[in-house]
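One-letter residues, chain by chain:
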Amino acid sequence: MSIPIGKVRTRYAPSPTGYLHVGGAWMAFFNWLFARNQGGTFILRVEDTDRSRSTEEYERAILEDFRWLGIDWDEGPDKGGPVGPYRQTERFHLYRQYAQALLDRGAAYHCYCTLEELEAERQRARAAKRPYRYSGRCRNLTPEQRAEFERQGRRPTIRLRVHDDGETIVVNDLVRGRVEFDPEHLDDYIIVRSDGSPLYNFANVVDDHTMAMTHVIRGIEHLSNTPKQWIMYRSLGWDPPQVAHLSNILGTDHKKLSKRTGDTAVRDYKRAGFLPEALVNFFALMAWYPEENREIYSVREMIEKFRLEDLGKASPVFDMTKLTWMNGVYMRELLRRDPDRAVEACLEPLRNAGLLDGQVTAETRAYIRQVVDVLGDRIKVGRDILTYGDFFFTDAVTYEPDAVKKYFSRKDVATTLAQLRERVAKVDRLDATTVESIVRTMASELRIESREIIHPARVALTGKTAGPGLFELTALLGRDRVIKRLDSAIDWIRRLP
Ligand code: GLU
């Protein structure tokens, strides 16, 4: 293994038991940012020892979502590297080797207790109202006792021999400072199951050490694992990496982030038409404010400015309103710089709504681009194209009840729309100026206000009371569709009781 000494090495270690969660992506982001800031190495390691819940499909999806976010890795299951393999299920030879080393040194031992025996111990502890700790019954078995258990066909687990010398275990957390753990709560914990598979606290330590990790930034739920891991490092004669435990992201209800207050999977954000650059910018600000009163940072700036000591321990709130606003800022910029990508963010929402199918032609893209232009600032997130502009993609316009009440209930509305229809039918090409002059001329000839035409026409064409300018949207719909929709509306109104 050739790892440059003194270089920062960080990792993210997902378990492929589900799609990439925004909380996980957020942790990964800081490991990545720190590595990039330090000119170090960022690694992806797949913790797939829970075979019943891990799938290749989830692993693929997680990698895909990281790629989409622009969080790249230098070593990982797909590209290899000097300390591979990068999947725990492919590293069993290492766990076996170090478990054996611990056994040889007497730092670990075989435990033959059955599940029933352990359960009985647990019940006794419960009855006596003391916290459960393994009794250590198998700590000092004689060779004869072992042989007897083996003869009975019992298959042992391996436990770490934890010395309770009363010494407090201290974790110097980069975010939380000095955290002390009372050794009283620790017992000889299992590091290898009877089927030979390693447990998290063991595999994690072996991997972090053999992969030469220097810093580990992870979720607060792992803080309570840290003392166990520290004992493991000591038993193996290794130095632990530096650790930072970040608090969990909360929803706007100040409870753990859940579906109730927003999506939890990164891919749901992709599907909704969020932009990766907005998400990572938002990720940064959930833990760290590089400068006061400034929200928008390019990735390059974030990498430059990042300092590990700026990470806070408060629980950040996943504020959808802010993320949406931020996405809007990036959307505007994309429209100037790279409109194709702004269009791209609208494709999936359109597809999922059934308003777009098959291959998207260059012509369709150009049309979506025009729609996005007409909708302007209303589009903050790709899916806003549905909220404000679904009518650009379907003739099946549904009239909002409010709109009907307000603008379709007057007796002469059908006549007004019919007049408009006749005038529109007479021109060959509808552009915004033509529509405007048709409407203004008609208003003055009929001695009515332009808005008495504009409002019902908008409802007829879009189903809504609000939206982009009528003249622009009419021009984009084009003469034929406008005539068709006016006809349907006239019909619909005439059929009203
Ligand atoms: N596989 C663990 C998780 O997904 C990683 C824990 C760690 O970062 O040490 O939570």
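Residues numbered from 1 in each chain as written. Predicted model: local features only at pLDDT ≥ 70, side-chain atom pairs only at ≥ 80, totals over all residues. Heavy atoms only, no water.

K.L.:
Can you walk me through the pairing of strand 1 (residues 9-12) in this structure?
P.N.:
Both faces of the sheet carry side chains from a regular strand, because those side chains alternate between them. The side-chain alternation of strand 1 yields two buried faces, one formed by R9 and R11 and the other by T10 and Y12. Bridge count between strand 1 and strand 2 (residues 41-44): four bridges; the pairing is parallel. Counted as the bridge partner of R11 is I43 from strand 2. Running through helix 1 (residues 22-37), the crossover from strand 1 to the neighbouring parallel element strand 2 is right-handed. (Buried < 20%, exposed > 50% of the residue type's maximum accessible area, 1.4 Å probe, protein only. Helix = DSSP H or I, 4+ residues; strand = E, 2+ residues; numbered from the N terminus. Pairing = 2+ DSSP bridges. Right-handed = clockwise from strand over helix to strand, strands pointing away.)

K.L.:
Please clarify how the environment of E301 should be interpreted in this entry.
P.N.:
Residue position: E301 is located in helix 10 (residues 299-305). Owing to a relative accessible area of 24%, E301 belongs among the partly exposed residues under this scheme. Through-space distance from the C-alpha of E301 to that of P456 is 49 Å; in sequence the pair is 155 residues apart. Beyond its immediate sequence surroundings of up to four residues, E301 is in contact with R294 and I296. Of note is the side chain of E301, whose polar atom sits 2.9 Å from the backbone nitrogen of S298. (Contact = heavy atoms within 4.5 Å. Polar contact = N/O pair within 3.5 Å; in protein donor to acceptor, adjacent residues only side chain to side chain.)

K.L.:
In this structure, what is going on with the packing of aromatic side chains? I would like to understand it.
P.N.:
Between two aromatic rings, the relevant description is the distance of the centres plus the angle of the planes. Here the structure, examined in full by the defined rule, presents 22 aromatic pairs. Pairwise contacts between aromatic rings join W26, F29, F30, W32, F34, F283, W288 and F306 into one cluster. The ring of Y132 has R122 sitting right over it, with the charged end atom 4.7 Å from the ring centre. Positioned above the aromatic ring of Y134 is the side chain of R159, whose terminal nitrogen or guanidinium carbon lies 3.5 Å from the ring centre. (Phe/Tyr/Trp six-rings, centres within 6.5 Å; stacked < 30°, edge-to-face > 60°. Lys NZ or Arg CZ within 6 Å of the ring centre and 35° of its normal.)

K.L.:
Sorry if this is basic, but what is going on with the site of the ligand here?
P.N.:
Contacts to the ligand come from R11, A13, S15, E47, Y200, N204, R218 and H222. Within the side chain of E47, an N or O atom sits 2.6 Å from a nitrogen atom of the ligand. Within the complex, the protein chains bury 80% of what would otherwise be the 300 Å² of accessible surface of the ligand. The cavity where the ligand resides is the largest pocket. Across the shell around the ligand, the residue classes tally to two nonpolar, three polar and three charged. (Near = heavy atom within 4 Å. Areas by Shrake-Rupley, 256 points an atom, 1.4 Å probe, with all protein chains shown as cover. 1 Å grid on protein atoms, 1.4 Å probe; cavity = no way out; pocket = protein on both sides within 12 Å on 5 of 7 lines; lining within 4 Å. Sits in = over half its atoms within 2 Å of the grid points. Nonpolar A, V, L, I, M, F, W, Y, C, P; charged D, E, K, R; others polar.)

K.L.:
I would appreciate a short explanation of empty space enclosed by the protein in the present structure.
P.N.:
Left-over empty space is what a probe sized like a water molecule reveals as it rolls over the atoms. Enumeration according to the criterion identifies one cavity of 30 Å³ or more in this entry. The calculated volume of the largest cavity comes to roughly 70 Å³. Taken together, L420, V424, V435, I438, V439, A457, L461, L470, T474, V482 and L486 make up the lining of the largest cavity. Where the lining of the largest cavity is concerned, the elements lending two or more residues are helix 16 (413-426), helix 17 (432-446), helix 18 (451-462), helix 19 (470-477) and helix 20 (479-494). When residues of the lining of the largest cavity are assigned to their parent elements, the largest contribution, three residues, is made by helix 17. (Points joined across faces, edges and corners; volume = space filled by probe spheres on them.)

K.L.:
Explain the pattern of salt bridges to me, please; I cannot follow it from the model alone.
P.N.:
For side chains bearing opposite charge, pairing can occur when the charged atoms are close. In this structure the tally under the stated criterion is 46 salt bridges. The salt bridge involving E295 is made with K322; its shortest N-O contact spans 3.3 Å. A residue pair is termed long-range when its members are at least 10 positions apart, and E295 in the loop between helix 9 (276-285) and helix 10 and K322 in helix 11 (residues 320-337) qualify at 27 residues. Residue classification places E295 among the partly exposed residues on the basis of a relative accessible area of 26%. Through salt bridges with shared partners, a single ionic network connects R11, R45, E47, R91, D207 and D208. (Salt bridge = Lys/Arg side-chain N within 4 Å of Asp/Glu carboxyl O.)

K.L.:
What exactly am I supposed to notice about the packing of helix 3 (residues 92-104) against helix 6 (residues 200-210) here?
P.N.:
In a packed pair of helices, the relevant descriptors are the angle between the two axes and the axis-to-axis distance. Following both chains from N to C, one finds helix 3 and helix 6 inclined at 105 degrees, their axes separated by 10 Å at the closest point. By the angle between their directions, the pair helix 3 and helix 6 is classed as roughly perpendicular. Contacts from L94, Y95, Y98, A99 and L102 of helix 3 reach helix 6 at F202, A203, V206, D207 and T210. For the contact of helix 3 with helix 6, the class distribution of residues is eight nonpolar, one polar and one charged. (Axes fitted to C-alpha atoms, helices over the stretch in contact; angles between N-to-C directions. Parallel < 35°, antiparallel > 145°, perpendicular 65-115°, else oblique.)

K.L.:
Looking at this structure, how should I read the layout of surface pockets?
P.N.:
Size it by volume and the largest pocket reaches roughly 960 Å³. Lining the largest pocket are 35 residues, and of these Y12, A13, S15, E221 and H222 sit closest to its centre. Of all the elements in the fold, those that place two or more residues in the lining of the largest pocket are strand 1, helix 1, helix 6 and strand 8 (215-219). The leading source of residues in the lining of the largest pocket is helix 1, at five residues. The residue inventory of the lining of the largest pocket, partitioned by class, reads 13 nonpolar, 14 polar and eight charged.

K.L.:
What am I meant to see in the UniProt feature "domain: Aminoacyl-tRNA synthetase class I anticodon-binding" (unreviewed entry) in the protein chain here?
P.N.:
Within this structure's numbering, the places UniProt gives as "domain: Aminoacyl-tRNA synthetase class I anticodon-binding" (unreviewed entry) are residues 361-490. For residues 361-490, the helix share is 68%, the strand share is 0%, and the end-to-end C-alpha distance is 34 Å. (UniProt positions renumbered as here; feature names shortened; annotations may be inferred.)

K.L.:
Is there a simple way to explain unusual backbone geometry in this structure?
P.N.:
Glycine aside, residues mostly have negative phi, and peptide bonds are mostly found in the trans state. A cis amide bond, omega 0 degrees, links G84 with the succeeding residue P85. As for its position among the elements, P85 is in the loop between helix 2 (56-69) and helix 3. Even without being glycine, H254 reaches a positive phi, approximately 60 degrees. Structurally, H254 is set in the loop between strand 9 (242-246) and helix 8 (266-272). Its relative accessible area of 55% is what places H254 among the exposed residues. Positive phi, normally seen in glycine, also occurs at N293, with a value near 55 degrees. Mapped onto the elements of the fold, N293 is located in the loop between helix 9 and helix 10. We classify N293 as exposed; its relative accessible area is 77%.

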